[in-house]
Amino acid sequence: MKALVLSGGMGLRLRPFSHSMPKQLIPVANKPVLVHVVEGLRALGITEVGVVVGDRSEMIEGVLGDGSDLDVKITYIPQDAPHGLAHCVAIARDFLGDDDFVMYLGDQMLPDGVTELARDFRTERPDAQVVVHQVADPRAFGVAEVAADGRVVRLVEKPESPVSDLAVVGVYFFTPAIHEAVAAIGAGDRGELEITDAIQWLVSSGADVRARVYRGFWKDAGRVDDVLECNRELLDRLKPSVRGEVDDASELIGAVVVEEGARIVRSRIVGPAVIGAGALVEDSDIGPHTAIGRDCVLSGTGVGYTIVQDGATVTNVGSVHASVIGRDASVTSAPADGHRLVVGDHARIEVAA
């Protein structure tokens with residue numbers, strides 16, 4: 001089985017960060033979402049991964065390379081503009097050949113993995129298998145109407161009156177039957193080739209389309225608050241590790257990871273938290289669910305439930321909470337409390353006291 005990972009799209013909900021990077025590269029627990037995705041695919045035994053890329057392909061290739069560091073072989077598939085998920089399947093036809101494949105949206109976080117669901121697909125081999133998750137309010141999602149035996153009866157996009165609470169997650173398992181369906185549909189209301197239309201075509205044609213429920217943590221890392229929630233979830237799984245330097249005047253409490261080359265000076269860190277390689281934290285108080293990226297500098301600062309991306313500097317800010325600070329950004333201030341910051345890459349911000 002191969003994998004097709006979709007990494008185009010504009011990421012409008014993740015601005016300002018998506019102005020300067022693909023949304024799939026936003027870091028969660030100090031690792032880009034897209035790397036988490038590929039690692040999850042490798043856990044399924046998949047070694048051939050096609051990655052659909054848009055106009056920021058160089059940035060994605062700069063992170064994933066040829067895939068060898070992640071023990072996979074990556075083939076990049078350019079898409080000139082976002083024309084829909086089914087369009088991605090169409091342009092990947094040469095890569096996919098006649099193999100079964102899993103299609104995975106590159107901004108989906110499913111840290112509990114889909115190993116069992118992949119095993120079901122390989123064993124039973126329906127024409128298509130969608131992954132669904134129970135949600136409190138299905139109206140914001142594509143929703144699957146599922147029969148008692150697990151067969152999909154109908155798919156409805158963002159219904160006003162949902163027929164079930166099963167939201168379709170951005171992970172799909174397909175046999176080559178999907179190619180006929182993609183070729184048979186036209187553009188939908190948004191002017192795109194919708195994968196839900198292709199799957200519905202299979203259902204209407206009498207194909208075997210099934211749903212399997214994923215019961216673990218799931219988030220579409222498409223908004224700042226969602227990224228922070230993903231970060232919290234992954235940090236909660238941390239095991240403590242100290243490979244950097246921690247002086248005698250500092251205190252580490254709970255699950256704290258201090259990566260190689262990082263220095264902790266006269267500071268208190270309450271886990272779960274991770275301090276990236278080469279970072280300096282001095283005279284600071286780092287609270288739970290915080291990820292400090294590589295080569296950051298935090299001085300005289302309090303930070304909690306926050307992501308500070310690579311190369312950022314935060315100086316003399318009394319309290320930063322529920323924030324995301326971009327790459328190589330600089331935030332300075334006289335001490336104050338209660339700042340929530342969303343600071344883009346390379347920005348220079350002085351916070352009022």
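Further up the page is the structure itself.
Described below are features of the structure shown in this document. (Residues numbered from 1 in each chain as written. Predicted model: local features only at pLDDT ≥ 70, side-chain atom pairs only at ≥ 80, totals over all residues. Heavy atoms only, no water.)

**With respect to the layout of surface pockets**
Over the atoms, a rolled probe matching the size of one water molecule traces out where space is still vacant.
No. 1: What the second largest pocket holds in volume is close to 870 Å³.
No. 2: If you go around the second largest pocket, you meet 38 residues; those closest to its centre are A29, N30, K31, P32 and H36.
No. 3: At the level of secondary structure, the elements contributing two or more residues to the lining of the second largest pocket comprise β3 (31-32), α1 (33-42), α2 (57-64), β7 (108-109), α8 (224-235) and β26 (307-308).
No. 4: Counting residues per element, the lining of the second largest pocket draws most heavily on α1, at five residues.
No. 5: Each residue belonging to the lining of the second largest pocket can be placed in one class, and the counts come to 22 nonpolar, eight polar and eight charged. (1 Å grid on protein atoms, 1.4 Å probe; cavity = no way out; pocket = protein on both sides within 12 Å on 5 of 7 lines; lining within 4 Å. Points joined across faces, edges and corners; volume = space filled by probe spheres on them. Helix = DSSP H or I, 4+ residues; strand = E, 2+ residues; numbered from the N terminus. Nonpolar A, V, L, I, M, F, W, Y, C, P; charged D, E, K, R; others polar.)

**Some words on the environment of V303**
No. 1: Considering the arrangement of structural elements, one finds V303 in strand β25 (residues 302-304).
No. 2: When its relative accessible area of 4% is taken as the criterion, V303 is described as buried.
No. 3: Considered as a pair, V303 and T123 are 180 residues apart in the sequence and their alpha carbons are 48 Å apart. (Buried < 20%, exposed > 50% of the residue type's maximum accessible area, 1.4 Å probe, protein only.)

**Focus: unusual backbone geometry**
As a rule of thumb, non-glycine residues mostly have phi less than zero, and peptide bonds are mostly trans rather than cis.
No. 1: Of note, the amide linkage connecting G271 to P272 takes the cis form, showing an omega dihedral of 5°.
No. 2: With respect to the element layout, P272 can be found in the loop between β19 (268-270) and β20 (273-275).
No. 3: In this structure, N30 takes a positive phi of about 65° despite not being glycine.
No. 4: Among the residues examined, N30 registers a relative accessible area of 25% and is labelled partly exposed.
No. 5: Here the phi dihedral of D328 falls at roughly 55°; this positive angle occurs in a residue that is not glycine.
No. 6: Tracing the backbone shows D328 in the loop between β29 (324-325) and β30 (330-333).
No. 7: With relative accessibility at 36%, the residue D328 sits in the partly exposed group.

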